[in-house]
Amino acid sequence: QSTWGNQLSRNATLIHVLLYEKSLFEPLRLDHNYQDIVLNIETVINFFLSRLEKKESLLDAPFTSDLVLSFIEEQSKKFPISHLHKFPELNFRYCEEDAPEDFFVPYVWSIAFRSSGLYWNVDCISLFQFSSN
């Protein structure tokens, strides 16, 4: 939401790419899980596309990439944020595992094994001693 709402003028390159790649969202439009998001993306695309087409019709030459970017930055200040579908604020909470070492110790050793550049004799590697009980 903040990418579109509060930060639109700082995402001119993203909008520029969306204008050129707008067809990528066609399949997602039919997917119920993405309809609200795609609707917001299409609202942004249509806003800038219609203004670009009007501006280009007044010019004698087509827009260059730099002109499109500066035009997007200028017009983003006029974008009506109220036309976008509002989503609830996402909240995340960190929950520590009871035994994080069960994941992290093998993970860190696997990185050391693959990336250290040292020779490791695979037959001699033993991270944990398993009891036969």
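Shown above is the structure to which this text applies.
Residues numbered from 1 in each chain as written. Predicted model: local features only at pLDDT ≥ 70, side-chain atom pairs only at ≥ 80, totals over all residues. Heavy atoms only, no water.

A. Broad picture of the nonpolar core. Ranked by size, the top nonpolar core spans 19 residues in total, and within it I15, L19, F48, I72 and F79 carry the most contacts. For this core, the elements supplying multiple residues, two or more each, are α1 (12–20), α3 (35–58) and α4 (65–76). Broken down by element, this core gets its largest block of residues, seven residues, from α3. Excluding its chain neighbours within four sequence positions, the residues that come into contact with F48 are L8, I15, L19, I72, Q75, S76 and F79. (Core = buried A, V, L, I, M, F, W, Y, C linked by side-chain atoms within 4.5 Å. Buried < 20%, exposed > 50% of the residue type's maximum accessible area, 1.4 Å probe, protein only. Helix = DSSP H or I, 4+ residues; strand = E, 2+ residues; numbered from the N terminus. Contact = heavy atoms within 4.5 Å.)

B. Broad picture of the packing of α3 against α4. Direction vectors running N to C along α3 and α4 enclose 120°, while the axes themselves pass 11 Å from each other. When the interaxial angle is binned, α3 and α4 end up oblique. Note that α3 runs across α4; the crossing there is right-handed. Packed against α3, whose contacting residues are F47, F48, R51, L52 and K55, the element α4 presents V68, F71, I72, Q75 and S76 at the interface. Tallied by class, the residues present in the contact of α3 with α4 amount to six nonpolar, two polar and two charged. (Axes fitted to C-alpha atoms, helices over the stretch in contact; angles between N-to-C directions. Parallel < 35°, antiparallel > 145°, perpendicular 65-115°, else oblique. Left-handed = near helix turned anticlockwise from the far one by under 90°. Nonpolar A, V, L, I, M, F, W, Y, C, P; charged D, E, K, R; others polar.)

C. The arrangement of the packing of α1 against α3 in detail. Here α1 crosses α3 at 85°, and the two axes come no closer than 10 Å. Relative to α3, the element α1 lies roughly perpendicular. Residues I15, L18 and L19 of α1 touch α3, and the partners they reach there are I41, V44, I45, F48, L49 and L52. Looking at side-chain class alone, the contact of α1 with α3 contains nine nonpolar, no polar and no charged residues.

D. Up close: α4. Spanning 12 residues, α4 covers 16 Å between terminal C-alpha atoms, matching the ideal 16 Å at 1.5 Å per step. Of the residues making up α4, those classed as buried are V68, F71, I72, Q75 and S76. Seen along its axis, α4 keeps its buried residues to an arc of 125°; they face one direction. (Expected span 1.5 Å × (residues − 1). Arc of directions from axis to C-beta.)

E. Expanded view of the pattern of salt bridges. Evaluation of the coordinates by the stated rule reveals two salt bridges. Across the salt bridge formed by E26 and R29, the nearest N and O atoms sit 3.1 Å from each other. Note that E26 and R29 are positioned in helix α2 (residues 26–29) at a spacing of three residues, about one turn of the helix. Looking at E26, the relative accessible area reads 41%, which means it is partly exposed. For R29, a relative accessible area of 38% gives the class partly exposed. Between R29 and E42 there is a salt bridge, and its shortest N-O distance comes to 2.5 Å. (Salt bridge = Lys/Arg side-chain N within 4 Å of Asp/Glu carboxyl O.)

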